[in-house]
Amino acid sequence: MKLNKIAQLIGANEKNIPAAEINWLLTDSRSLSFPAESLFFAICTARNNGHNYIVELYQQNLRYFVVSEMRPEFEKMTDAVFLQVNDTLQALQGLAAANRSTFKIPVIAITGSNGKTVVKEWLYQLLHANFNITRSPRSYNSQIGVPLSVWALNENTQLGIFEAGISEMHEMEHLQPIIQPTIGIFTNLGEAHQENFSGLKQKCEEKLKLFAQSEVLIYCSDNKLVEISIAQSDFKGKLLSWGKSDKAVIQILQVEKASLNTKVLMKYAGSEFKVVIPFTDDASIENALQCVVLMLHLGIKPDEIAKRILLLEAVAMRLEVKEGVRDCLIINDSYNSDLNSLGIALDFLNQQATAKNLSKTLIISDILQSGQTSADLYKTVSKLVQNKNVQRIIGIGSEISKHADKFESIDKTFFEHTEDFLKSSILWELKNEIILLKGSRAFHFEDISEKLELVTHETIMEVNLNALVDNLNYFRSKLRPETKMMCMVKAFAYGSGAVEVARTLQHHRTDYLAVAVADEGAELRREGIRIPIVVMNPEKGSFGMIFDNKLEPEIYSFRLLDSFIASTEKLGLTDYPIHIKIDSGMHRLGFEPQDVEQLLTRLKGQTQVKVRSVFSHLSGSDEAKFDAFTKQQIATFTACANQFSATFSHHIIRHILNSAGIERFPEYQFDMVRLGIGHYGISSLPDVNLKQVCALKTIILQIKNVKAGETVGYSCKGIVNADKRIAIIPIGYADGFDRKLGNGVGEVLINGQRAKVIGNVCMDLVMIDITNMEAKEGDQVEIFGDHLTISEVADWLKTIPYEVLTSVSRRVKRVYFQE
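Residues numbered from 1 in each chain as written. Predicted model: local features only at pLDDT ≥ 70, side-chain atom pairs only at ≥ 80, totals over all residues. Heavy atoms only, no water.

> Hey, could you run me through the sheet that holds strand E4 (residues 81-84) in this one?
Through backbone hydrogen bonds, the strands of a sheet pair up, either in parallel or in antiparallel fashion. Within the open sheet, the four strands sit side by side as E1-E2-E3-E4. Their pairing is parallel. One side of each edge strand has no neighbouring strand; the edge strands of this open sheet are strand E1 (24-26) and E4. For this sheet, the mean angle separating the axes of adjacent strands, direction not counted, is 25°. Pairing geometry for strand E3 (residues 64-67) and E4, over four bridges, is parallel. Counted as the bridge partner of Phe 65 is Phe 82 from E4. Those strands touched by helix H1 (residues 3-10) are strand E2 (38-41), E3 and E4, and its axis lies near 20° from that of E4. With respect to the sheet, helix H3 (residues 88-101) is in contact with E1, E2 and E3, its orientation differing from that of E2 by roughly 140°. (Pairing = 2+ DSSP bridges. Helix = DSSP H or I, 4+ residues; strand = E, 2+ residues; numbered from the N terminus. Axes fitted to C-alpha atoms, helices over the stretch in contact; angles between N-to-C directions. Contact = heavy atoms within 4.5 Å.)

Okay, here's the thing in structure tokens:
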């Protein structure tokens, strides 16, 4: 679409707008790929302001911006075009809605508490042979994600499939005009995002607003609340209900689960037919049946539906980073295969790029159903790869191979088939590389992944990088725009893995990182972390490492100060940054208030070090009963900090708030705050539900039947009073599963049910009681995560979440992912 046309549609009245062709809408400054064809919307949220990144984007040759405020620095950008509107998010949504109105095609909208992305991807698997489909990339279902998804509609699109999610009232009324669905699918109704609704019925009614103008609505009538809400919504289109009731349009007569699949007998329009779903869990069965009903509505014959359903493949819901063979890192994204998802995946590849001589490699298959000619498509792919600084491309498929010449100035190899690549020597030459696998399902890139990934571990700690960023932004929302943030990544980033966490925090523009000892900081520097790093417990023997890696020490005593000054003097250094710790009442490390005058005299009499910040630590900011003492600490710190400001002419950063302090005392944020346990989903406020970042998981190794009167485990502590069924899981106290959780104290989660520990916890194994539970060998076991929280485990142990997290040993494999 032309820029001058866009200006008209969004109500920007600027004159002399050029007729530049805009193909890409941008809301994240880090995702810029095609500056000449992109339009940036500077969206303002409670946690960020897009206007802060316009100068940076201008320096990267972007020239077109939609803004709601004009800042003085923009006046210098004389060749830039600024489209000024009242609300940039409304402008983005309005533009997407206008674009949608130009297409007279069937559009499917999917909403519900769970299953939206799976249903969308399965519909693509089932229907891509019939239609040229445009669909949401990944889980783009938010107020920003939906308009970006709908913008991708083009003249070749025959069917649109978009998901829509909400977290509060009045959001769906903004998404409905953007998608304008002709067909609606309501997946299910659950507790997700319930906190902003008075009840499930209110949330259901809000979600149903998406289908106000739809011609058809598909839903499961077994949920009576959903059925009642639909009846009361005055929906005027065709209702395609399915369920066990004989009143359902499509009746489910029988569901028969086997070990690997589920047979479902159905009745529609007076005729019975059967489908075999290659899954056995209830969620997958429900999602598959939504797809069956949709295909029936589209006129696909039951026999053909049954053939396609049998071929359904599991949907990888996230981008995972895994260790590969020969010191490679593997990012597997065979989830979407289109230009939008390729751009997202390449951004993630860049985010994960390290500074230890790892080059970036893309293994990509033919992109199916792009809506472009092959020549135009692979020319665009080539530009995208070049703009993302990928060093090597391996193309697999006949179409991409035909256009090998489009990929210039890059190490390139092409193969007709995946098997050809697997047989080639190229596979074994891959080493010291970050490799992104981006393939359409027909090319079976799982075979490549299997060859490149290291052996899978049965016990893993999953680290959700999206949740980490969401929590970071929650705390940022409490701060003034100019307040800096220092993020604590000490103790292996609270057990979650310092390097990956630090890399993510750096990518999201954290101002400082903090580690406990110099070794931790040096490791981060080796892995390419460039932002300032503070060492909280510097040892005299580590000063050389601090200097070599440009780390900044905390100074808490005269002895340490004198030693550090002496070391800087020997090296001829001046103005080396240090951070002064004040003991405001916690009585741990730090200078006493009465020492400040002497300290200032000592600092003024030298030039080797320069105070970068002065700070203190709150001892009870998470509990209301200590509020008076907290304010006393803040008053003591303020007086000391004021003495520093009065003594030195340069600006000295002041900070005292920790995670709990940010939430409970934001008025004392000073110049910077320090975020620690809050990253990982722990809030000091009872009504705040932060996202769980870490999930410790394992599997059932073996199941045994134990008769009454026998015992389980060491010292015969697991006494069996009645016949029991027990499961053995490969995790023990050497992994961080505390021995105090043994003998019925601790619980784990299997298939949504809790199972108690029986007997003593062993070094490498734990036994759990699964009597009367549906469980089999190989089933996943959650030790803590989304459903069994770290805080609950901490309560069992009568300790704090910090200890639970940091106790997970390094022998437990960390798996990082981005949803």
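> Is there a simple way to explain the pairing of strand E21 (residues 484-488) in this structure?
Side chains on a regular strand alternate between the two faces of the sheet. For E21, a buried count of four out of five residues is recorded, marking the element as mostly surrounded by other parts of the structure. For E21 and strand E28 (residues 672-675), the ladder comprises four bridges, and the chain directions are parallel. What sits directly across from Met 485, in E28, is Val 673. The pairing of E21 with strand E22 (residues 512-515) spans three bridges and is parallel. Residue pairing in the sheet places Met 486 in a bridge with Tyr 512 of E22. (Buried < 20%, exposed > 50% of the residue type's maximum accessible area, 1.4 Å probe, protein only.)

> Quick question: what am I supposed to make of a negative patch on the surface here?
Together, Glu 416, Glu 419, Asp 420, Glu 446, Asp 447 and Glu 450 make up a negatively charged patch on the protein surface. Among the secondary structure elements, those contributing two or more residues to the negative patch are helix H14 (418-423) and helix H16 (446-452). Ranked by residues supplied to the negative patch, first place goes to H16 with three residues. Inspection of the secondary structure puts Asp 447 in helix H16. (Patch = residues over 30% accessible without salt bridge, like charges linked within 9 Å, V, L, I, M, F, W, Y side chains within 5 Å. Areas by Shrake-Rupley, 256 points an atom, 1.4 Å probe, with all protein chains shown as cover. Salt bridge = Lys/Arg side-chain N within 4 Å of Asp/Glu carboxyl O. Lys, Arg positive; Asp, Glu negative; His and termini not counted. Charge placed at Lys NZ, Arg CZ, Asp CG, Glu CD.)

> How do you make sense of the packing of H1 against H3 when you look at a structure like this?
Helix-helix packing: each pair is described by the crossing angle between the helix axes and the interaxial distance. The interhelical angle for the contact between H1 and H3, taken along N-to-C directions, is 110°, at an axis separation of 9 Å. The angle between H1 and H3 places the two elements in the roughly perpendicular class. Crossing of H1 against H3: the hand is right-handed. For the pair H1 and H3, the contacting residues are Ile 6, Leu 9 and Ile 10 in the first and Ala 91, Leu 95 and Ala 98 in the second. Partitioning the contact of H1 with H3 into residue classes produces six nonpolar, no polar and no charged. (Parallel < 35°, antiparallel > 145°, perpendicular 65-115°, else oblique. Left-handed = near helix turned anticlockwise from the far one by under 90°. Nonpolar A, V, L, I, M, F, W, Y, C, P; charged D, E, K, R; others polar.)

> What's the story with the layout of surface pockets in this structure? I'm lost.
Over the atoms rolls a probe the size of a water molecule, and in doing so it shows where empty space is left. Volume-wise, the second largest pocket comes out at about 880 Å³. Forming the walls of the second largest pocket are 34 residues, and the residues nearest its centre are Tyr 494, His 617, Asn 658, Ile 677 and Tyr 802. Broken down by secondary-structure element, the contributors of at least two residues to the lining of the second largest pocket are helix H18 (490-494), helix H25 (659-664) and helix H27 (801-806). For the lining of the second largest pocket, the per-class residue count stands at 15 nonpolar, eleven polar and eight charged. (1 Å grid on protein atoms, 1.4 Å probe; cavity = no way out; pocket = protein on both sides within 12 Å on 5 of 7 lines; lining within 4 Å. Points joined across faces, edges and corners; volume = space filled by probe spheres on them.)

By themselves, these are just geometric observations and shouldn't be taken as functional.
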